[in-house]
Amino acid sequence: MNTQTSPFASTETRKADHIRICLEEDVQFQQTTNGLEDYRFNHCCLPEINRDEIDISTTFLGKKLGAPLLISSMTGGTPEAGIINRRLAEVAQHYGMAMGVGSQRVAVEKPQVADTFAMRKYAPDVLLFANLGAVQLNYDYGLDECLQVIDILEADALILHLNPLQECIQPRGDTNFRGLLDKIAILCSVLSVPVIAKEVGNGISAPIAQKLIAAGVKAIDVAGAGGTSWAKVESERAENMLQRRLGTTFADWGLPTAECLRSIRAVAPQIPLIASGGLRHGLDVAKALALGADIAGLAMPFLQAAASSEAAVYDLTQVLVAEITTVLFCTGSANLEQLKCSGNLQRIK
C-alpha cells in the first residue's frame with residue numbers, strides 16, 4: 001500500500017469497503033448466536049383483542065416512535081452511502097422509526113462528505129443519532145468534534161461506539177483505550193444531548209454498563225454477538241497474514257445479545273436499553289423487548305434492502321411491523337407494555 005495515501009482518503013475507502021464486504025462476503029457469526037433462539041412465547045389461542053387496534057408505538061429518550069425500531073448505525077461518507085442513508089431516512093420518517101448513521105469521523109476529516117450523513121432534511125421528525133468512535137477521544141477528538149457531528153445531523157443524541165476488537169484487527173486501528181471512561185464522563189457532563197454507548201457486535205456486559213451509566217451515559221445499545229462479525233469484516237480487508245489470522249481467530253468472539261439484555265436489565269432496571277446484534281425479523285425484536293429492551297436495532301436487513309431500492313426498505317419495514325404486531329396479537333398483548341409485563345416469554349434451553 002502507498003504509505004503516502006491521505007488518511008482522509010483511506011477513511012473514505014474503508015467506508016466503501018465495509019459496505020461491499022457486508023453485502024458480498026459471508027461475515028456473519030457462525031458459532032455464536034444472538035441467544036434469542038433459547039426463548040419462546042407462550043401462544044394464546046384466544047387473544048380477546050382486535051388485531052387492528054394493537055398499538056406498537058413507544059417513547060424513547062422523550063420522543064414518540066411509531067414502532068419500537070431503530071435503523072442501526074451503518075454508513076456514510078461515500079456517494080453510495082449517501083444514497084443508502086437517504087432511503088433509510090425517508091422510510092424512518094414514514095414509519096416514525098429511530099435512525100443512526102455510521103461513524104462520522106470521515107465527515108470531521110473531510111467536510112465535503114458531511115452531506116452523506118445530513119439526514120434531517122429527509123427525516124424532520126424522527127429520532128436521529130450522531131455517531132463517533134469513543135476511542136477517538138484519545139486521539140485528539142473532544143467537545144468540538146462531537147458538537148460538529150451532532151450539528152451535521154441535527155441529532156437528538158450522540159452514539160459513542162466501543163469497538164476494541166475491531167480496532168485490533170483493522171489496519172492501523174486505534175487501540176489506546178486508556179483513561180477513556182473519564183473522558184466519556186466529561187463529555188456526558190457538557191453535551192446538551194444524551195450520550196448513548198454502543199458496541200459494534202461483541203456485546204456490553206452488565207459491569208461495563210454500570211460503569212458507563214455512572215459516567216453519565218443516558219442509554220445503552222448492547223450490540224451483542226450473533227449478527228455481523230466485524231472481526232470477519234476486517235479480516236476481509238487485511239493487509240497481512242497477522243490481521244487475517246486475528247480476524248479468523250476472533251470471528252465468533254462476544255457476548256450474545258440476549259445475555260447482554262438480561263444481565264444489564266437485572267442491574268439497571270431504568271436505563272433506556274437498545275437491543276441490537278443479529279436481529280433479523282420482528283419475532284427477534286419482540287423477544288428482545290420482552291427481555292427488557294425498549295427498542296430494537298437492525299442493521300444488515302436494512303442495509304441489504306437500502307442497497308437495492310427505497311421500495312425494498314418500505315417492504316422490509318412493513319414486514320417487521322406486521323411481525324411485531326402478530327406477536328402481540330398471538331400473546332394477547334394490546335400494546336408493547338403488556339407484552340413486556342406479560343411473562344409470556346419462556347426460556348426453553
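Structure report, in brief. Everything numeric in this text was worked out from a predicted model, so none of it was measured. (Residues numbered from 1 in each chain as written. Predicted model: local features only at pLDDT ≥ 70, side-chain atom pairs only at ≥ 80, totals over all residues. Heavy atoms only, no water.)

## Thoughts on the overall build of the protein chain
- Check the secondary structure of the protein chain and you find 14 helices and 12 strands.
- For 349 residues, the compact-globule formula gives about 20 Å, and the C-alpha radius of gyration of the protein chain, at 19 Å, lands near that figure.
- Counting only C-alpha atoms, the protein chain reaches 70 × 40 × 40 Å along its principal axes.
- Counting across all 349 residues of the protein chain, residues that qualify as buried make up 56%.
- In the protein chain, of all internal contacts separated by at least 6 residues, the share reaching a separation of at least 24 is 78%.
- Total accessible area on the protein chain is roughly 14700 Å²; 51% of this is exposed by carbon and sulfur atoms.
- Here the protein chain carries 30 positive and 38 negative side-chain charges, and the mean point of each set is 4 Å from the other. (Helix = DSSP H or I, 4+ residues; strand = E, 2+ residues; numbered from the N terminus. Rg over C-alpha atoms; globule rule 2.2 N^0.38 Å. Buried < 20%, exposed > 50% of the residue type's maximum accessible area, 1.4 Å probe, protein only. Contact = heavy atoms within 4.5 Å. Areas by Shrake-Rupley, 256 points an atom, 1.4 Å probe, with all protein chains shown as cover. Lys, Arg positive; Asp, Glu negative; His and termini not counted. Charge placed at Lys NZ, Arg CZ, Asp CG, Glu CD.)

## Quick word on unusual backbone geometry
- Despite not being glycine, Glu48 has its phi angle at roughly 60°, a positive value.
- Assignment of secondary structure puts Glu48 in the loop between β1 (39–41) and β2 (58–60).
- One non-glycine residue with positive phi stands out, namely Asp140, at about 75°.

## What to know about the environment of Ala215
- Examined against the element boundaries, Ala215 turns out to sit in helix α7 (residues 206–215).
- For the pair Ala215 and Arg40, spaced 175 residues apart in sequence, the C-alpha to C-alpha distance is 35 Å.
- Among residues more than four places away in sequence, those in contact with Ala215 are Leu181, Ile184, Ala185 and Cys188.

## As for a negative patch on the surface
- A cluster of like negative charges, contributed by Glu24, Glu25, Asp26 and Glu236, occupies part of the molecular surface.
- For Asp26, the position within the fold is in the loop between α1 (7–24) and β1. (Patch = residues over 30% accessible without salt bridge, like charges linked within 9 Å, V, L, I, M, F, W, Y side chains within 5 Å. Salt bridge = Lys/Arg side-chain N within 4 Å of Asp/Glu carboxyl O.)

## Concerning the packing of helix α2 (residues 79–95) against helix α12 (residues 300–308)
- Contact geometry of α2 with α12 gives a least axis separation of 9 Å together with a crossing angle of 105°. By the angle class used here, α2 and α12 are roughly perpendicular. From α2, Ile84, Arg87 and Leu88 reach across to α12, where they touch Phe302, Leu303, Ala306, Ala307 and Ser308.
- Taken together, the residues of the contact of α2 with α12 break down into six nonpolar, one polar and one charged. (Axes fitted to C-alpha atoms, helices over the stretch in contact; angles between N-to-C directions. Parallel < 35°, antiparallel > 145°, perpendicular 65-115°, else oblique. Nonpolar A, V, L, I, M, F, W, Y, C, P; charged D, E, K, R; others polar.)

## Overview of the pairing of strand β7 (residues 157–162)
- Burial runs high along β7: six of the six residues are buried.
- With burial as the criterion, each face of β7 is covered, one bearing Ala157, Ile159 and His161 and the other bearing Leu158, Leu160 and Leu162.
- Across five bridges, the pairing between strand β6 (residues 128–133) and β7 is parallel. By the bridge assignment for β7, Leu132 is matched with Leu160.
- The β-α-β motif built from β6, the intervening helix α4 (residues 143–153) and the parallel element β7 has right-handed crossover chirality.
- The pairing of β7 with strand β8 (residues 195–199) spans five bridges and is classified as parallel. Bridge pairing in β8 links His161 to Lys198. (Pairing = 2+ DSSP bridges. Right-handed = clockwise from strand over helix to strand, strands pointing away.)

## Observations regarding the side chain of Gln104
- Of note, Gln104 is situated in the loop between β5 (98–100) and α3 (105–109).
- For Gln104, a relative accessible area of 0% gives the class buried.
- In this structure, Gln104 is in contact with Phe117, Ala130, Asn131, Leu132, Val149, Ile152 and Leu153, ignoring residues within four places of it in sequence.

## Here we look at the pairing of β8
- Within β8, five of the five residues are buried, which leaves it mostly tucked inside the rest of the structure.
- Alternating positions in β8 separate into two faces, Val195, Ala197 and Glu199 on one and Ile196 and Lys198 on the other, with burial throughout.
- Bridge analysis of β8 against strand β9 (residues 219–221) gives three bridges, and the strand direction is parallel. The partner of Ile196 across the bridge, within β9, is Ala219.
- Viewed along the sheet, the connection from β8 through α7 into β9 turns out right-handed.

## Re the pattern of salt bridges
- A complete count under the given rule lists 14 salt bridges for this structure.
- Of the charged contacts in the structure, one is a salt bridge between Arg237 and Asp17, with a shortest N-O distance of 3.5 Å. Pair noted here: Arg237 is in the loop between α8 (230–236) and α9 (241–249) and Asp17 is in helix α1, with a separation of 220 residues, a long-range link.
- The residue Glu90 makes a salt bridge to Arg86 at a minimum N-O spacing of 3.7 Å. Within this pair, Glu90 and its partner Arg86 are both found in helix α2, separated by four residues, close to a single helical turn.
- Given the relative accessible area of 21%, Glu90 is considered partly exposed.

Bear in mind that shape data such as this cannot, by itself, settle questions of function.
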